[in-house]
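Structure assessment
Here's the letter readout for the chains.
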Amino acid sequence: MHDAVIVDAVRTPFGNRDGSFRDTHPQDLAAKPLEALERRNEFDPETIEDIIYGCVTPIGEQGANIDRLAPMVAGWGDGVPGVQLNRMCGSGQQAVNFATTNIMAGQHDVLVAGGVEHMTREPMGSDGDGVTDTYFEYFDEVTTQGEGAERIAEDYECSREELDELAVDSQRHWAEAWDAGRYDDQVVPVETELDGKPVRVEQDEHPRPETDLETLAELPLSFREEGTGVLHPGNSSGIVDGSSALLLASAEAAERHGWEPMARIVQTEVVGVDPITMLTGPIPATEQVLEKAGMELEDIDLFEVNEAFASVVAAWLAETGVSWERVNVNGGAIAHGHPLGATGAMLLTKLAHELERTGQDTALSTMCIGFGQGIATIIERV
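This is a predicted model, so every value here is computed, not measured.

**Remarks on the UniProt feature "domain: Thiolase C-terminal" (unreviewed entry) in the protein**
The UniProt record annotates "domain: Thiolase C-terminal" (unreviewed entry) at residues 260-381. Each end of residues 260-381 is marked by a C-alpha atom, and these two atoms are 11 Å apart; helix forms 38% of the span and strand 25%.

Below, the structure written as C-alpha cells:
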C-alpha cells in the first residue's frame, strides 16, 4: 500500500452571505484554489489525474458536475477530469478521504481534493424536498439539524452560557490566529467583481472578534421558542461562500516531482448514527478512526471538530475528555463560517498548516453530517 501525502493545501477567504462573493459565479469560486495550487507548486495541470470536490447543493449554478467545470474555468484545458460528491456537511473531507484511498490503492499518483459552496447563490436546502413515506416505517420523525443540535444540548445538559463560552473562544481564537499571520499560507486572496467593480477579497468576512457573552445573551433563539432552547446565530456556524483544495500525491510521486509533503494521511473513517439527533457522528467516528489506526486520543496533538453548532463540540468534548485547549485552536466555523461542501477540506488544510507551524506530530479532523453520519481523518506531519 502506498502512502498518501498532502503536498499543499489552500482555501479562499470565506465571504458572508450576500457579501463580497455575491456576484461571483460558483464555478469561478471553485476554480480559485486550483489556480493557487498550480501557481504555488508549478505543475503542468495534466499532472493532476482527477479532481474530487464536495458540493452539498449541486443544483443551478453549482450543478452540471461543477468539478468538471472548475479546472476548465481555471485554465487547465479539457484534459483534467473532475467529479462532484455530496456527503452533506462532510463532503469536502470525504473528497480528501476518497482521494486518499485511491492513492493508497495505487490507482492514482496525483489528485486534487476539496470542495465549494456558494450559499448565497444556491441556498442551503434548496436541493431537497422531503423523504418518502417508507422512511417512517423505520424512523418516527424527520428533524432539522438545528433541532438535532438542541436535543444533543438537552442530552448532555449543555447550558446556553456554556455554549456561548465556546462561541466566544472560537471568535477569539480566530482573531488571535489571523492577527498572528497563521492563516497567511493557507488563505489565498481572490480577485473578483462586486457591483460591476473589481475587488480583492483577502480576509474572512464572518468573524466578529468583539463578541462577548453579554452580546450573545441578547440574541434570539434560532430553532425553538425562547426559554426552551440554547442555540442561536452566535453559537452556530456561519452561512458563508468559499472553496478549498488540497494537492495530494503518493509519497513516490511527491519525490519524483520534487515536492516536500506537509503531512501523511494516516487513516480515514465514516460512520452512520441516529438520524433524529443526527449530529453525534463525530464521537464514534473519532473512536473508530483511532481504533483502525491503532492509536489513542493521547497520541493526537491537535483536533478539529467542526463547529456546526456549539452543542456538537460540547458533546464530543464530554465523551472524549479531550482538553478544549487542543481543539479548534485557530477558531472554528462559529467564527469563520461553514461553506458546506468546502469545510471538511478546509479543516484538514488548517491542521496541516498548524502541524507544520508548531512542529507537532499528529492531528485529527471530524465532522457531524446531516441525517446522521460522522467522518474522521488522521494526519501526521512529515
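There is more to say, and it comes next.
**Quick look at the pairing of strand E1 (residues 4-11)**
For E1, the tally of buried residues reaches eight of eight residues, placing the bulk of the element in the interior. Judged from the seven bridges that link them, E1 and strand E8 (residues 240-250) form a sheet pairing that is antiparallel. Opposite Ala 9, over in E8, you have Leu 246 as the bridge partner. Relative to strand E9 (residues 263-272), E1 is paired through two bridges, and the arrangement is antiparallel. Of the residues in E9, the one forming a bridge with Val 5 is Arg 264.

**So, the side chain of Ser 365**
In this structure, Ser 365 sits in strand E11 (residues 362-369). Judged by relative accessible area, Ser 365 falls into the buried class, the value being 0%. Other than its neighbours up to four places away in sequence, Ser 365 contacts Gln 93, Glu 304, Leu 347, Leu 348, Leu 351, Ile 375, Ala 376 and Thr 377.

**Here we look at the nonpolar core**
Nonpolar side chains tend toward joint burial in soluble globular proteins. Formed by 42 residues in total, the largest nonpolar core has its most connected members in Leu 163, Leu 279, Leu 290, Phe 303, Trp 316, Val 327 and Ile 378. When residues of this core are traced back to their parent elements, those giving at least two are helix H4 (145-155), helix H5 (160-179), E9, helix H8 (282-293), strand E10 (302-305), helix H9 (310-320), E11 and strand E12 (373-381). Take this core: its biggest share by element is seven residues, from H9. Among residues more than four places away in sequence, those in contact with Trp 316 are Pro 282, Ile 283, Thr 286, Phe 303, Val 305, Val 322, Val 327 and Thr 366. Counting 32 residues, the second-largest nonpolar core is a separate cluster that includes Phe 43, Trp 76, Val 112 and Val 201.

**Observations concerning the packing of helix H3 (residues 91-104) against helix H11 (residues 340-358)**
Two elements in contact, H3 and H11, have axes whose closest approach is 4 Å; the angle formed by their N-to-C orientations is 60 degrees. The angle between H3 and H11 places the two elements in the oblique class. On H11, the residues touching Ser 91, Gly 92, Gln 93 and Val 96 of H3 are Gly 341, Gly 344, Ala 345 and Leu 348. For the contact of H3 with H11, the per-class residue count stands at three nonpolar, five polar and no charged.

The rules we used
Residues numbered from 1 in each chain as written. Predicted model: local features only at pLDDT ≥ 70, side-chain atom pairs only at ≥ 80, totals over all residues. Heavy atoms only, no water. UniProt positions renumbered as here; feature names shortened; annotations may be inferred. Helix = DSSP H or I, 4+ residues; strand = E, 2+ residues; numbered from the N terminus. Buried < 20%, exposed > 50% of the residue type's maximum accessible area, 1.4 Å probe, protein only. Pairing = 2+ DSSP bridges. Contact = heavy atoms within 4.5 Å. Core = buried A, V, L, I, M, F, W, Y, C linked by side-chain atoms within 4.5 Å. Axes fitted to C-alpha atoms, helices over the stretch in contact; angles between N-to-C directions. Parallel < 35°, antiparallel > 145°, perpendicular 65-115°, else oblique. Nonpolar A, V, L, I, M, F, W, Y, C, P; charged D, E, K, R; others polar.

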